[in-house]
Number of protein chains: 2
Amino acid sequence: MTTKPARGMRDFLPDDVRRRQYVIGIIGDVYQRYGFEPLETPSVENIETLIGKYGEEGDRLIFRILKRGDEGKAGEADLALRYDLTVPLARVIAEYRAQLPKFFKRYQVQPVWRADRPQKGRFREFYQCDVDAMGSSSPVVEAELCAAVSDVLLALGFNDFEIVINHRQLLTALLNGAGVDPSRHGDALTALDKFDKIGRDGVAQEFTERGIETDAASRLLAWMGTAWPADWLPWLEQQLPLDGAGRAGAENLRDILALTAATSAAPHIRVEPSLARGLSYYTGAIFEIKVKDLAGSLGGGGRYDNLVGMFAGEPVPAAGFSLGLERILVVMGDRKMFPEALVATAAEVMVTIWNADATGDAIRLARELRGAGLRVDVYPDADKIGKQFKYASARNIRFVAVLGEGERERNEVAIKNLTTGEQVPVPRVGVANYLLASLPRT
Amino acid sequence: MTTKPARGMRDFLPDDVRRRQYVIGIIGDVYQRYGFEPLETPSVENIETLIGKYGEEGDRLIFRILKRGDEGKAGEADLALRYDLTVPLARVIAEYRAQLPKFFKRYQVQPVWRADRPQKGRFREFYQCDVDAMGSSSPVVEAELCAAVSDVLLALGFNDFEIVINHRQLLTALLNGAGVDPSRHGDALTALDKFDKIGRDGVAQEFTERGIETDAASRLLAWMGTAWPADWLPWLEQQLPLDGAGRAGAENLRDILALTAATSAAPHIRVEPSLARGLSYYTGAIFEIKVKDLAGSLGGGGRYDNLVGMFAGEPVPAAGFSLGLERILVVMGDRKMFPEALVATAAEVMVTIWNADATGDAIRLARELRGAGLRVDVYPDADKIGKQFKYASARNIRFVAVLGEGERERNEVAIKNLTTGEQVPVPRVGVANYLLASLPRT
C-alpha cells in the first residue's frame, strides 16, 4: 500500500501550513479592511450545479462522486467536487438573496479540484482566494477591487507587481472597428491574449492561421499590439470611431483608472490593450496581475454581469478578483519573502524531565509558561538529559528548561539558550518573564 | 435548477464563518502553546488508503470518486473523500518518517465527509479538530492532551465540562475477571458504553440479550456500573486480582491522573468505569468530553499504539484527542457564548458618496482609514444620502462618514454615529484617530 498522497494532491507539513496560513491570514485581514466578508461553501456540489458552467474542457476536468449504496452500482455520479469559487457564489446569491445585503461583498479562500494532468506547479487540489462585489455596476467597485488586491500584495511584500487592465466592451468595439467578422471575435481574442507569450509576430501568424483577414489583423496589431499613450482615450478616438457600447466601455475604463489614482494601486496599474482573459463570462473591465519572474499571472478577474443571473433568474451586476494562492507561495518561496519567525516556530521552550519524580513539576512549569503565552513543549520521557537537549536542538527550539535536583531545592530553573550555549539559573517565579524578555515575539 | 447546497452539506454565510474561524483560531492558538504543529492533508485520498480502515459500516459511508475520462466509463472509483483525520495522519507518519521529529505532535482542523443519513446536527461534510502526539508511550502524553483540551474549552468559555477517562487494558482485565468469554468482550463493551444513555437496568437487559452470563453481568455492573472511590486502585484490587496487563493499565491510568493534577484538567477529570469508546483501535487510556446540555460528547480520544504501524510497517505509539467542531458550535450558540463583536463586524465605518465628483475623495478617505487598521466600506453609488445611511444602518455599521460640499470646503468630514444618531464635524486629518477612539477594538 502506497503512503504517498493521491496523484496531483499534496500533504502540507507544519512549515508548509504555517506559510499558507500566513498568506491566507494577510489576505483575509486586508479584504476585511475593505468591508469584504468571509463566505464558505461546501466542497461537494450537486453535479447539475457545475456541469455546463465551465465549457466542454471544464466539464471533463470535474471530479465526479459516485452515488452511494445500491444506486451507485450503475456507476452514476450525482455529486461533484467544487471546480471554482464563482459558480458556488452565484448559487449562494440566488439562494440567500433576501438575507444578503444588496451590495454583498465577500471573500472566499478554499480549495478547488480539477482532474488536470499534474505538472510542475499544477495540482489537482489547489486553493483559490476570491474577492467579489455584487449588486453595483459603479466603477467604484473595480477601483476598490484593484486597491484591495494591491494592498494584499504590498502587505505580502510584493512591490514590483503590475495590474494590467482592459475592457471587454472596448475590445469588441476594436474588433468591430478593425473589420473582424463577429464569428471570428473569439479566434481573434484567443490569439491576442497570447501577446506576452508569443510576441507580435507570433500573434500575427496566429491571426492568419485563425482566418483573420490581413487588413483587419494589421489594424488590430496597430491598435492593440502596442502600449497606449498615457492620455489614451483621445488617441483611440483618432484611430477609429467608437460605437455606443465601445464608447461606454472606454469611458468606464477611464473612470476606473481615475478612481484608482487615489489608491495604492495607482503606481501599479497599466492599460494592456492585448489582455483578453480567455473567452469566459466577463462583460466589462478585466484585470490580470503580473510579476516579472512568473510566466502567467498571480491572479486575475473582471466584471461579469450575467453569470449570477443564471442562478438568480434576474441580472445581478458583479465583479471580482481571484488570486492564485499556490503561485503566490511559489514566488514568495523563490524570493525568500517569508518572515524568518515562520520557520521552525513549533515551540519556543522545551521543558525537560529530570526523572520520573520531577515529571509533575515539569508539567506545572509548562502550564505557567503557556499561561504567559509562550509555546512550550514538554519532553515526554525521563531520558538522559543530553538526549533531551539534542532533541530540542534538532527541533530548533531556542530555550530548554531544566528542573534538576539542585534547581528544585533552590527553587530555581536552569535555562539554557541553545543558540548561544549559555545556561543560567533563574528563580522559579521569574522564569516566564525571563523567557518573554529573551524571545523575539511575533 | 436548485440553488440549495447538496444534501447534508451547508453554506456558511459571513456570521457563520466568523464564528467558525473564532473557534478554530482559539483551538490552534492553544494547541500551538502546547508545541503541537499544524498539518494538512488532501481532501482526496487513494481509495485503498481508506477502504477497510473503518469497519464495514464505515466503508459504506465513504464518498467514492469516479475515474476520469474513458477509465470512468465502467463506473469504477479510484479516489475517495477523507473520512477522518487519523488514517491520513498514519499515512503521513509512514511517508515522511525521516523528516518528522521523533515525537511528532500535530493538530489538524479540516473537513471530513461521510455519506450518513443527514439529520439534526449530523452533516455529510463536517470539521474535525484533531490533536495527536506520536512516538512516546509516556503518561506525560495523555496528561498533556487532557490539559490542552481543557485549555481549549476554558478559552472558549466552557467551565462545566467533564473529561471522563478509562483504560482499555483495565477494561479487558475487568471483563476477564468477571468471567466474560473473550468472544463476548465486544458485546459486553457495546452494552456497557450505553450506560449514560440507557442506565443500569438498560445495560443489564442488553447484557442478557447479548448472551453475557448472569453472574458475569452482575459482577460487571458491581464494578463498572458505579462511580469508583477517589482512591480507586486499592479498592479495585479488593474486588479482583488484576493480571499483568490489567495491573499495567490500572497503574498507567493512575499515573496519567496524577500528572493531570498539575494541569487545568484537574477539576474536570473523572474516571468513568463504563466508558468503552466503541470497538475501534484504542489500546490504552480512552477519554470523552461531556457537557450537561448535550447528549453524546464534545469530543473524545485515547491511545492507539497499533494503527500507525499499519502504514509505517513498525509500531509507533500514539495518542490523541478529536474535538467535534460542529457540536462545540451548537452548544456555544445555544448558550450565547460568542463574543458580541463577532456578529455584524463586517465594516466599522462606511464612507458615503456625496456626488460623482466626490468619489475620489471618498476613496482617498477610505484608504487612510484602512491604513489606520479600520474596516471600511465605501458605498458604491452616488445615491441619495438618506438611502446610503439606511443601507449602513441595515448592515449594522456603526459610523458613517459624509464628505458633503460644505465639509470638503472646510476640510472636514461629518461623522455620524448610527447607534446614538449623533453627527459631529471632524477635521479631515483627525478622522482616523476620532474613529479609533470611538470604536471598541477587538
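To be clear, the structure that these remarks concern was listed above.
About the thresholds
Residues numbered from 1 in each chain as written. Chains lettered and ligands numbered in written order. Predicted model: local features only at pLDDT ≥ 70, side-chain atom pairs only at ≥ 80, totals over all residues. Heavy atoms only, no water. Contact = heavy atoms within 4.5 Å. Buried area = accessible area lost by both parts, 1.4 Å probe. Salt bridge = Lys/Arg side-chain N within 4 Å of Asp/Glu carboxyl O. Polar contact = N/O pair within 3.5 Å; in protein donor to acceptor, adjacent residues only side chain to side chain. Nonpolar A, V, L, I, M, F, W, Y, C, P; charged D, E, K, R; others polar. Buried < 20%, exposed > 50% of the residue type's maximum accessible area, 1.4 Å probe, protein only. Helix = DSSP H or I, 4+ residues; strand = E, 2+ residues; numbered from the N terminus. Pairing = 2+ DSSP bridges.

Things to note about the interface of chain B and chain A
- With 92 residues of chain B at the interface, the matching set in chain A holds 92 residues.
- Taken together, both faces of the contact between chain B and chain A bury some 8,100 Å²; the carbon and sulfur share is 58%.
- Taken together, the links from chain B to chain A amount to 12 salt bridges.
- With a shortest N-O distance of 2.6 Å, A:Glu37 and B:Arg395 are connected by a salt bridge.
- Counting every contact that joins chain B to chain A gives 38 residue pairs in polar contact (both at pLDDT 80 or more).
- Split by residue class, the side of chain B that touches chain A holds 47 nonpolar, 18 polar and 27 charged.

Digging into helix 4 (residues 86-96) of chain A
Residue and element names in this part refer to chain A.
- Among the 11 residues in helix 4, 9 count as buried, and that is most of the element.
- Of all the residues in helix 4, the buried ones are Thr86, Val87, Pro88, Leu89, Ala90, Arg91, Val92, Ile93 and Tyr96.
- Where helix 4 is buried, its residues meet strand 2 (44-46), helix 2 (47-50), strand 5 (105-113), strand 6 (125-134) and helix 12 (307-312).

Comments concerning the side chain of A:Asn417
All names here are of chain A.
- Secondary-structure assignment places asparagine 417 in strand 15 (residues 412-417).
- The buried category is assigned to asparagine 417, whose relative accessible area is 13%.
- Those residues within four positions of asparagine 417 in sequence are excluded, and the remaining contacts are Arg398, Phe399 and Glu422.

A word on the environment of B:Arg219
All names here are of chain B.
- Tracing the sequence through the fold places arginine 219 in helix 9 (residues 214-224).
- Measuring from C-alpha to C-alpha, the distance between arginine 219 and valine 180 comes to 9.9 Å, with 39 residues separating the pair along the chain.
- Excluding its chain neighbours within four sequence positions, the residues that come into contact with arginine 219 are Gly177 and Ala178.
- Among the polar contacts listed, one links the side chain of arginine 219 to the backbone oxygen of alanine 178, at a separation of 3.0 Å.

Some details on the pairing of strand 14 (residues 399-402) of chain A
All names here are of chain A.
- Residues Phe399 and Ala401 point to one face of strand 14 and Val400 and Val402 to the other, with burial holding for every one of them.
- As judged from the 3 bridges shared by strand 12 (residues 349-351) and strand 14, these two strands associate in the parallel manner. The partner of methionine 350 across the bridge, within strand 14, is valine 400.
- Bridge count between strand 14 and strand 15: 4 bridges; the pairing is antiparallel.

As far as function goes, none of this settles anything; it's purely spatial.
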